[in-house]
Each structure stands twice: as structure tokens, then as C-alpha cells.
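What follows is the residue order along each chain.
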Amino acid sequence: MAIREILVEGDPVLNKRCHPVTKFDEKLSHLMDDLRETLEEAKGLGLAAPQVGILRRAAVVVVDIDTGEMVELINPEIIAQSGEQNGLEGCLSVPGMWGYVTRPDWVKIRAQDRQGNWFEMEGNDMTARCFCHELSHLDGHLYTELTDRLYTSEEVDEMMEEDE
């Protein structure tokens, strides 16, 4: 396993649509291990393969913030969604910036695991947001396309203090 460099906004790889994973082999297992380790090191909630320069439809998402439990998503797709939530969103590829983004409040996804087995999973609130965010990366999109304004970490801290 290795910690990989996370590409930042402006790198053209982040704006490209990823190819489906067709080989479920040792190379894919290494990629998934690296995504997990890189995400843990960066202390994020999700990481998609294009963020580390690999144009394949693969991502990892933290599904339990308290335990750090992650799910691996290969060739994922959203098969159902409902509701709406608007909240602050950040991205490891847009460090130090945040924006308000509207996402579904609940999503159901279908994906494969590293052995190629299909599964379905549901998520709401932050998990739904993370699923949508990471799947957008696989299509070459960043959350910055969905927000009217970007805020610095300092501005977000000030807003949080005002709300308390």
C-alpha cells in the first residue's frame, strides 16, 4: 500500500470521465488499498480514483464517521434518490475551500466490490452527500460547479461561530 498524491483543481485529469473497471485483479486491489490509505492520511470522507490520477470508476467512501468504516465502490451508479439537502461541502482536490451544495437527502447505489460482486447500498444525510460527491468525480465534475460561492476555511469557521 502507498499514500498517493491527491491532484488539485486545475489538473485536467479531474475533468475527464473515468472508464469502467473490467479487470478485477491484483492491480485493482492495490489501487483500492492505496485509496483507503490515502483517504485515511488525508482525513477525508471520500476519495475517487481520478483524484490520484487513475481514470477508472473506483472510489472509497467513509460510511460511519464514528468508526471510520469505509466502503469500496467500483463501477458505482445511483439507482434511486429522494429528498434534498443543502450544506457545506469540501473536497481533498480543492483544499481549504468550501461551498454550499444541494444534493439528494437519500440515495441508493449499485456497485461492485474488488472481486467484481455486485451489491446495493443506501445512504442518507452525509453518506448520501459523499456518494454523490465521489460519483461526480468519476464523471469529471467537481462540487465547485454546483456552488454559487466558495468560502475559505477561515470564513467557514466565522460562520460556525456566528451560528453558536
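How each quantity is defined
- Residues numbered from 1 in each chain as written.
- Predicted model: local features only at pLDDT ≥ 70, side-chain atom pairs only at ≥ 80, totals over all residues.
- Heavy atoms only, no water.
- Pairing = 2+ DSSP bridges.
- Helix = DSSP H or I, 4+ residues; strand = E, 2+ residues; numbered from the N terminus.
- Contact = heavy atoms within 4.5 Å.
- Axes fitted to C-alpha atoms, helices over the stretch in contact; angles between N-to-C directions.
- Buried < 20%, exposed > 50% of the residue type's maximum accessible area, 1.4 Å probe, protein only.
- Expected span 1.5 Å × (residues − 1).
- Disulfide = S-S within 2.5 Å.
- Core = buried A, V, L, I, M, F, W, Y, C linked by side-chain atoms within 4.5 Å.
- Polar contact = N/O pair within 3.5 Å; in protein donor to acceptor, adjacent residues only side chain to side chain.
- Salt bridge = Lys/Arg side-chain N within 4 Å of Asp/Glu carboxyl O.

S.K.: I'd like to hear about the sheet that holds strand E4 (residues 85-91), residue by residue, with values.
M.R.: As summarised here, the arrangement of the three strands in space is E4-E5-E8, forming an open sheet in which the pairing is antiparallel. Both edges of this open sheet fall to E4 and strand E8 (151-152), since each of them pairs with a single strand only. Here strand E5 (residues 94-103) runs beside E8; their pairing, made up of two bridges, is antiparallel. Bridging from a neighbouring strand, Met97 pairs with Thr152 of E8. Running over the sheet, helix H2 (residues 125-138) touches E4 and E5 and is turned about 55 degrees from E4.

S.K.: Report on unusual backbone geometry, specifying residues and quantitative values.
M.R.: Among all residues except glycine, the phi angle is most often negative; among peptide bonds, the trans geometry is most common. Although it is not a glycine, Lys43 sits at a positive phi angle of roughly 60 degrees. Lys43 gets classed as exposed once you look at its relative accessible area, which sits at 73%. Backbone geometry places Asp125, a non-glycine residue, at a positive phi of 50 degrees. Position of Asp125 among the secondary structure elements: in helix H2.

S.K.: So what's going on with helix H1 (residues 26-42)? Residues and values would help.
M.R.: Over its 17 residues, H1 extends 24 Å from the first C-alpha to the last, a length consistent with the 24 Å expected when each residue adds 1.5 Å. For H1, every residue scored as buried is listed here: Leu28, Ser29, Leu31, Met32, Asp33, Asp34, Leu35, Thr38 and Leu39. Tucked into the core, H1 has its buried residues touching strand E1 (46-48), strand E2 (58-64) and strand E3 (69-82). Once H1 finishes, Lys43 follows within two positions and takes phi at roughly 60 degrees, a positive value.

S.K.: Can you tell me about the state of the cysteines, naming the residues and giving the values?
M.R.: A covalent bond between the sulfur atoms of two cysteines is referred to as a disulfide. Summed over the entire model, instances satisfying the criterion amount to zero disulfides. Cys18 forms no disulfide, and the closest cysteine sulfur to it belongs to Cys91, at a distance of 13 Å. The exposure class of Cys18 is buried, given its relative accessible area of 4%. Summary of cysteine pairing: Cys130 is not part of a disulfide, and the nearest cysteine sulfur, belonging to Cys132, is at 9.4 Å.

S.K.: Tell me about H2, and please be specific about residues and values.
M.R.: For the α-helix, the turn length of 3.6 residues means that residues three or four positions removed from each other point alike. Here H2 contains 14 residues, and its C-alpha end-to-end distance of 21 Å stays within 8% of the 20 Å for a straight helix at 1.5 Å per residue. Counting buried positions along H2 yields twelve of 14 residues, so the element is predominantly enclosed. Those residues of H2 lying buried are Thr127, Ala128, Arg129, Cys130, Phe131, Cys132, His133, Glu134, Leu135, Ser136, His137 and Leu138.

S.K.: Describe the nonpolar core, and please don't skip the residues or the numbers.
M.R.: In this structure, Leu31, Met32, Leu35, Leu47 and Val60 are the most contacted members of the largest nonpolar core, which totals 15 residues. Broken down by secondary-structure element, the contributors of at least two residues to this core are H1, E2 and E3. Of all hydrophobic cores here, the second largest spans twelve residues; its members include Val63, Ile109, Ala111 and Leu135.

S.K.: Please set out the environment of Arg57 residue by residue, giving values where relevant.
M.R.: Tracing the sequence through the fold places Arg57 in the loop between E1 and E2. Arg57 sits in the buried class, given a relative accessible area of 11%. Spatially, the C-alpha atom of Arg57 lies 23 Å from that of Val101, the residues being 44 residues apart in sequence. Within the structure, Arg57 has its side chain in polar contact with the side chain of Asp139 (distance 3.1 Å).

S.K.: Explain the pattern of salt bridges residue by residue, including any values.
M.R.: For the structure on display, the rule yields eleven salt bridges. With a closest N to O distance of 3.6 Å, Arg110 and Glu77 form a salt bridge. Placement of Arg110 in strand E6 (residues 106-112) and of Glu77 in strand E3 is noted, with a sequence separation of 33 residues between them. On the accessibility criterion, Arg110 (29% relative accessible area) is partly exposed. One salt bridge connects Arg103 with Glu89, and the closest N-O pair in it is separated by 2.7 Å. Pair noted here: Arg103 is in strand E5 and Glu89 is in strand E4, with a separation of 14 residues, a long-range link. Residue class for Arg103 comes out buried when judged on its relative accessible area of 6%. Taking the relative accessible area as the measure of exposure, Glu89 reaches 4% and is therefore buried.

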